[in-house]
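# Descriptive analysis of the structure
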Amino acid sequence: MSAPGEPRFFESFDGVRLAWREMGEGRPVVLLHGYFSDAQTNWIRYGHAAAIAAKGFRVVMPDLRAHGASDKPHDLAAYPRDALTRDGHALIAHLGLTDYDLGGYSLGARTVSRMLMTGAEPRRVIFCGMGLEGLIETGRRIGHFRNILTNLGEHQRGTPEWMAEAFLKTTKGDPEALLGVLETFADTPRAALTGFRQPSLVVCGEEDFDNGSARELAAALPNATYVEVPGGHMSSVTKAELGRAMADFLAT
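In short, a report on the structure.

Calculation notes
- Residues numbered from 1 in each chain as written.
- Predicted model: local features only at pLDDT ≥ 70, side-chain atom pairs only at ≥ 80, totals over all residues.
- Heavy atoms only, no water.
- 1 Å grid on protein atoms, 1.4 Å probe; cavity = no way out; pocket = protein on both sides within 12 Å on 5 of 7 lines; lining within 4 Å.
- Points joined across faces, edges and corners; volume = space filled by probe spheres on them.
- Helix = DSSP H or I, 4+ residues; strand = E, 2+ residues; numbered from the N terminus.
- Nonpolar A, V, L, I, M, F, W, Y, C, P; charged D, E, K, R; others polar.
- Salt bridge = Lys/Arg side-chain N within 4 Å of Asp/Glu carboxyl O.
- Buried < 20%, exposed > 50% of the residue type's maximum accessible area, 1.4 Å probe, protein only.
- Axes fitted to C-alpha atoms, helices over the stretch in contact; angles between N-to-C directions.
- Parallel < 35°, antiparallel > 145°, perpendicular 65-115°, else oblique.
- Left-handed = near helix turned anticlockwise from the far one by under 90°.
- Contact = heavy atoms within 4.5 Å.
- Expected span 1.5 Å × (residues − 1).
- Pairing = 2+ DSSP bridges.

### Some details on the layout of surface pockets
Put simply, the largest pocket is a space of about 530 Å³. Along the walls of the largest pocket sit 28 residues, with Tyr105, Phe167, His233, Met234 and Ser235 positioned nearest its centre. Looking at the lining of the largest pocket, the elements that each hand over two or more residues are helix H1 (39-44), helix H6 (139-150) and helix H7 (160-170). Across the lining of the largest pocket, the residue classes break down as 11 nonpolar, 13 polar and four charged.

And the structure:
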């Protein structure tokens with residue numbers, strides 16, 4: 001099993017340079033990380049990519065636009081609606097993937113839904129840290145993150161906003177670029193979820209309701225399995241159970 005090396009780079013649909021990392025060999029699975037995070041933090045640091053690669057997969061993990069080693073433009077023109085969606089399609093085209101699986105955590109899961117809406121055809125799908133509301137009504141999360149990013153240093157210790165800002169500092173996020181990402185958000189109509197007929201895993205922390213109800217999301221999808229893991233929205237990603245649930249689903 002190959003370990004992740006230095007990030008590799010490609011140019012997306014508009015010339016923005018995006019990074020990705022890989023681990024393992026075998027059937028490709030593309031994993032998209034969450035907001036304020038990156039591939040290293042979301043998938044590699046806590047062993048999730050290794051758990052999946054050990055089952056015989058080539059784990060492809062991009063750094064989303066404005067995150068990690070990818071470009072972080074400050075021009076709002078770099079953040080049209082569904083820009084991350086188009087980046088996902090561009091990566092799959094760049095790598096020439098035709099038979100692959102697709103998953104994401106939080107913002108990554110939202111991007112997965114938009115990719116499915118716009119023609120992506122993975123064999124299997126994983127939604128991590130995502131509930132029904134987080135896909136069909138993105139406005140609340142946009143407001144939450146806009147408040148965090150425009151009031152840095154002013155959040156009360158211990159609040160979700162304060163914890164998110166602390167996480168932003170650990171990943172050395174660029175607040176101006178990350179504000180641009182909020183412009184890319186797009187709702188997925190609830191009716192559209194019935195068209196996501198691939199076998200799907202909805203995996204979420206037992207204390208995680210940041211994006212609404214994951215159980216409701218699983219119920220809205222026509223072919224979904226729901227798995228609960230320990231933790232909340234920020235802590236479940238540190239738990240080995242998350243990676244094991246994903247690996248077991250993909251290997252089934």
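Next comes the rest of the description.
### A few points about the pattern of salt bridges
In the structure shown here, the tally under the stated rule is 16 salt bridges. Between arginine 27 and aspartate 101 there is a salt bridge, with the nearest N and O atoms lying 2.9 Å from each other. Placement of arginine 27 in strand S3 (residues 27-32) and of aspartate 101 in strand S5 (residues 101-105) is noted, with a sequence separation of 74 residues between them. The class for arginine 27 is buried, based on a relative accessible area of 16%. On the basis of relative accessibility, which here comes to 0%, the residue aspartate 101 falls in the buried class. Each of Arg27, Asp99, Asp101, Arg123 and Arg124 takes part in one network of salt bridges that share partners.

### Observations regarding the packing of H6 against helix H8 (residues 175-182)
Direction vectors running N to C along H6 and H8 enclose 165°, while the axes themselves pass 10 Å from each other. When the axis of H6 is compared with that of H8, the two are roughly antiparallel. H6 and H8 meet at a crossing whose hand is left-handed. Between H6, through Ile142, Phe145, Arg146, Leu149 and Thr150, and H8, the contact on the second element is made entirely by Pro175, Leu178, Leu179 and Leu182. Classifying every residue of the contact of H6 with H8 by side-chain character gives seven nonpolar, one polar and one charged.

### Notes on the packing of helix H3 (residues 83-95) against helix H4 (residues 107-117)
At their nearest, the axes of H3 and H4 sit 9 Å apart, and the two run at 75° to each other. Considered as vectors, H3 and H4 are oriented roughly perpendicular to each other. For the pair H3 and H4, the contacting residues are Leu84, Thr85, Gly88, His89 and Ile92 in the first and Leu107, Thr111, Arg114 and Met115 in the second. When grouped by side-chain class, the residues that make up the contact of H3 with H4 number four nonpolar, four polar and one charged.

### Quick look at the side chain of serine 37
Turning to its location among the elements, serine 37 is positioned in the loop between S3 and H1. With sequence-adjacent residues up to four places away left out, serine 37 is seen in contact with Asn42, His67, Gly68, Phe167 and Thr171.

### So, the environment of glycine 231
With respect to the element layout, glycine 231 can be found in the loop between strand S8 (224-229) and helix H10 (240-251). According to the relative accessible area criterion, glycine 231 is buried, its value standing at 7%. Separated by 138 residues in sequence, glycine 231 and alanine 93 place their C-alpha atoms 35 Å apart. Not counting the four nearest positions on each side in its chain, glycine 231 is found in contact with Gly205, Glu206, Glu207, Asp208 and Ser236.

### What to know about H3
Here H3 is 13 residues long and its end C-alpha atoms lie 18 Å apart, about the 18 Å a rise of 1.5 Å per residue gives. Looking at H3, one finds that the buried residues are Ala83, Leu84, Thr85, Asp87, Gly88, Ala90, Leu91, Ile92 and Leu95. Packing partners of the buried residues in H3 comprise strand S1 (8-11), strand S2 (17-23), S3, strand S4 (57-63), H4 and H8. At the C-terminal side of H3, glycine 96 shows a positive phi close to 70°.

### Section: H6
Compared with the 16 Å implied by 1.5 Å per residue over 12 residues, the 16 Å span of H6 between its first and last C-alpha is a close match. Among the structural elements, H4, H7 and H8 are those in contact with the buried residues of H6.

### Focus: the sheet that holds strand S6 (residues 125-128)
On the basis of which strands lie adjacent, the open sheet formed by eight strands has the order S1-S2-S4-S3-S5-S6-S7-S8 and mixed pairing. The strands lining the two open edges of the sheet, one partner per strand, are S1 and S8. Taken pair by pair, the neighbouring strands of this sheet meet at an average axis angle of 20°, ignoring direction. Looking at chain direction, S6 and strand S7 (residues 200-205) are connected through four bridges and run parallel. For cysteine 128, the partnering residue across the bridge sits in S7 and is valine 203. The strands touched by H3 are S1, S2, S3 and S4; relative to S2, the strand with the most contacts, the crossing angle is about 60°. Packing against the sheet, H10 makes contact with S3, S4, S5, S6, S7 and S8, and its axis sits at approximately 170° to S7.

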